[in-house]
Amino acid sequence: MFRTLLGPFARFFEFHAKTHYRAERHSMALAGGILLAASIGGFIEIAPLFTIDDTVEAAPDMRLYTPLEQAGRDIYIREGCYACHSQMIRTLQDDVDRYGPYSLAAESKYDHPMLWGSKRTGPDLARVGEKYSDDWQVRHLADPRALVPESVMPQYAFLLDTPLETESLPGRLAALRAVGVPYSDAQIANAASDAFGQAMPDSDRAGGVLDRYGEETNLRIFDGRRDRLTEMDALVAYLQILGGLTDLAARTQPARGEN
Amino acid sequence: MIKRLTIAERQTAMLLSVLIALAGFAMAVIGRGDPMGVHGWIVLILAGALFFALASALYEPEPTEDRAVSYYDDPTKVGILLTLVWAVAGMGMGVWVAAQLAWPDLRFDAAWSSFGRIRPVHTSGVIFGFGGNALIATSFHIMQRTSRARMAGHISPWFVLLGFNLFCIIAATGYLMGVTQSKEYAEPEWYADIWLVIVWIVYFVLYIRTLARRNEPHIYVANWYYLAFILVVAVLHIVNNLAVPASFGAAKSYSAFSGVQDAMTQWWYGHNAVAFFLTAGFLGMLYYFLPKRAERPIYSYRLSILSFWGITFFYIWAGSHHLHYTAVPEWVQTLGMTFSVMLLVPSWASAGNALMTLNGAWHKVRDDATLRFMMVAAVFYGLSTFEGSFMAIRPVNSLSHYTDWTVGHVHAGAMGWVALITFGSIYALVPVLWRKQTMYSWKLVEWHFWLALGGTVVYVFAMWNSGITQGLMWRTYTESGTLAYSFTDTLVKMHPYYIARAIGGAMFFVGAVIGAFNVVMTIRSVGHQAQQLDYPTGSEANEPAVPAAE
């Protein structure tokens, strides 16, 4: 019984060992074998994700990051926020109860790169947008332990004093378009002006932001300073839109206990 | 070192350093006002310093000895010293990072010193700086000994070693300036990535050319693993780093992939960086230094074949276990989990093969701390691969993921396996390379061993406790069906474990400093002794390169 069951395996290992014995006398045969063995998994497991359509749900109402939000996202990456904060609510009851509807693939389809994270030294931020006021976010970033005494988060007060560099924004949006984010020519050309306008609602540049990104766009003085556009403006604008690019998740996942 | 190159080789090296310095100058000009410009200056200064060092020795007399009768060990020696420099720097950074989580005010107020910026300096410093240099240096040693042939070339090993260190320096300084792609363990930006591809191609060519010169019909096991390490890391690196720069005059780039596809590509890379950087290469080290030190042949050739191809084939599938319960399709998660569990077979076959090799030499393990480093490394390899397969099971992962349990698991592997096998190999290698009778102090090797083992155990236990505690608190409900603990409640519970972790890490760091001191004192003050039979030979009459199988 055992003999018949294990027979094919024994023959396979015998064949495998003999083949290897021949291959290990030729360095390039060994190299070729390694590449072959190591590529099979990638082709079967990863390549289909690019071709199977229902991997990412359709989200027709999804909007793009504004230049200011994208600049904030770049600061989020620069400061390594992703090392401690995930942006991925799992399909677990306690994740959903703590952070909101579980994350959908569509919600990060414009995220180059994704920031799902791997560690929650701090809480998940996938739906932190509009959960706290701008003022709370600014004060918390400047001195986390003033608001949350137990926090171990680093303080980022310097963002309040660092003017936001906007010159490179058209180039950044163009690069994002090259990798698949559908920014229009007008959005790219006006990126610097739109970044300013979004954080300066009284200025004459504010109107264009709503024209190009929709009436729902947050048009506010995020950092509380009227005199200049800072990196704090950008980062808070980004945090406040997290989870807010589409309401697909809220529409498809009825909240628990609401009926 | 330079005097042992011919004048023609010195000129080639000067030409290369001029080209690299010019590339640095171009980066400095085009990227002015951006961190890329600072990187340009760093490249220019380092390549320029190398150029002047070469120029000052250009007309020294040429070497007279016959090169064919000896191995070329100069790059290996420099590689070992660089390994120790990165060990102290990377682990020191780790202690600081750990301390910041226990006492956040240790961040001070500079922009560059926050956890988010210095954490990748620690991870890249130990993985690439310490681990990468150790792999390159030991591979140079092993490829020559197991082929019984001198390395193919005198410039290319230096290009690989110094080029790789330039990559590490660009990476580490970049993080401090906020240059990062945010992809874990693949953070360096596009120009550093392109540079690494060039270095890596030269590395592969050097390896294959040296194997082609071999005086042994068969390629020894250690070389299979080094080859897998070089080849697969190249594929992973190129695919995961595909990106479009926002401008060719600035560091910032955007990944070619987004969302689900990016997550899967990143963790295909991330997990196989563990597999082919932190496992395959170090198994190569284990397969050479452990039998040499124990003076016992590898227990089973068949088991070596089984585990090698098992690791090469199974690991590639396992990456998606980092994405359980996420928006990645469920069939991908299930595949990742299945292969992660199957991976236990080849992993334990390797660990078992190593431990069985020690049969008949256990008294040496008791007496010789160097061999004990290697034995304990094999044990930790077995433990952390078991833990890894366990944590890849979906319900277990629902508890462990996002918590310190993951951090503890990684460090069981990184400290217990990677660092211990490296230190054991260094202690075995240094007297051979520098032609010394012995290490400067065997007592210091003992001290290092116990500090490293103790530090690892303290670290891992602290992280198990904090990870499982936090995972359980997150999912605890009150009787009325609401979550019992806020996120900040869990932070309070973490604090003592974060202190314990910093202490464990500090112990490990002190051990590394002692090790570096011991190596330096060995080079400086221990008497000369030529090694027997440590030269290339085509004759089978001499001892085989590694103890022959029975």
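Quantities reported herein were computed from a predicted structural model and do not represent experimental measurements.

Caption draft 1: Focus on the pattern of salt bridges. In the structure shown here, the tally under the stated rule is 37 salt bridges over all chains. Each of Arg 78, Glu 79 and Glu 231 of chain A together with Arg 117 of chain B takes part in salt bridges that share partners, so that together they form one network.

Caption draft 2: Structural view of the interface of chain B and chain A. Taken residue by residue, the interface counts 94 residues in chain B and 84 residues in chain A. Of the roughly 7,700 Å² buried between chain B and chain A, counting both surfaces, carbon and sulfur atoms make up 66%. Broken down residue by residue, the surface that chain B buries against chain A is led by Tyr 254, Trp 309 and Tyr 402 of chain B, which jointly contribute 11%. In this assembly, chain B and chain A are joined by 5 salt bridges. Broken down by element, the residue count for the side of chain B that touches chain A peaks at 10 residues, all from helix H8 (residues 259-294) of chain B.

Caption draft 3: Up close: the nonpolar core. In terms of nonpolar packing, the biggest core is built from 177 residues, with Phe 164, Phe 229, Phe 277, Trp 417 and Phe 423 of chain B touching the most fellow members. Here this core gets 21 residues from one element, more than from any other, and that element is H8 of chain B. In this view, Trp 417 of chain B contacts Leu 278, Thr 279, Phe 282, Leu 283, Leu 286, Ala 377, Ala 378, Phe 380, Tyr 381 and Ala 412 of chain B; residues no more than four positions away in its chain are not counted. Formed by 55 residues, the second largest nonpolar core is a distinct cluster that contains Met 62, Leu 115, Ala 234 and Leu 235 of chain A.

Caption draft 4: Main features of helix H3 (residues 74-102) of chain B. Compared with an ideal rise of 1.5 Å per residue, which puts 29 residues at 42 Å, H3 of chain B spans 43 Å between its outermost C-alpha atoms and is within 8% of the ideal. For H3 of chain B, a buried count of 22 out of 29 residues is recorded, marking the element as mostly surrounded by other parts of the structure.

Caption draft 5: Main features of the packing of aromatic side chains. Residue and element names in this part refer to chain B. Taken as a whole, this structure holds 45 aromatic pairs over all chains when the rule is applied. The interplanar angle of 80 degrees and the centroid separation of 4.9 Å between the aromatic rings of Phe 308 and Trp 309 together place this pair among those described as edge-to-face. Taken together, a centroid distance of 6.2 Å and an interplanar angle of 85 degrees make the contact between Tyr 440 and Phe 517 edge-to-face. Of this pair, Tyr 440 sits in the loop between helix H15 (404-433) and helix H16 (442-474) while Phe 517 sits in helix H17 (residues 487-525), and the two are 77 residues apart along the sequence. On the basis of relative accessibility, which here comes to 37%, the residue Tyr 440 falls in the partly exposed class. Across the ring face of Phe 449, the terminal group of Arg 372 is positioned such that the distance to the ring centre comes to 5.0 Å.

Caption draft 6: Broad picture of the packing of H8 of chain B against helix H11 (residues 344-357) of chain B. Residue and element names in this part refer to chain B. At their nearest, the axes of H8 and H11 sit 10 Å apart, and the two run at 10 degrees to each other. Put simply, H8 runs roughly parallel to H11. Of the residues in H11, those in contact with Leu 283, Leu 286, Tyr 287, Leu 290 and Pro 291 of H8 are Ser 350, Asn 353, Ala 354 and Thr 357. Split into classes, the residues belonging to the contact of H8 with H11 amount to 6 nonpolar, 3 polar and no charged.

Rules behind the numbers
Residues numbered from 1 in each chain as written. Chains lettered and ligands numbered in written order. Predicted model: local features only at pLDDT ≥ 70, side-chain atom pairs only at ≥ 80, totals over all residues. Heavy atoms only, no water. Salt bridge = Lys/Arg side-chain N within 4 Å of Asp/Glu carboxyl O. Contact = heavy atoms within 4.5 Å. Buried area = accessible area lost by both parts, 1.4 Å probe. Helix = DSSP H or I, 4+ residues; strand = E, 2+ residues; numbered from the N terminus. Core = buried A, V, L, I, M, F, W, Y, C linked by side-chain atoms within 4.5 Å. Buried < 20%, exposed > 50% of the residue type's maximum accessible area, 1.4 Å probe, protein only. Expected span 1.5 Å × (residues − 1). Phe/Tyr/Trp six-rings, centres within 6.5 Å; stacked < 30°, edge-to-face > 60°. Lys NZ or Arg CZ within 6 Å of the ring centre and 35° of its normal. Axes fitted to C-alpha atoms, helices over the stretch in contact; angles between N-to-C directions. Parallel < 35°, antiparallel > 145°, perpendicular 65-115°, else oblique. Nonpolar A, V, L, I, M, F, W, Y, C, P; charged D, E, K, R; others polar.

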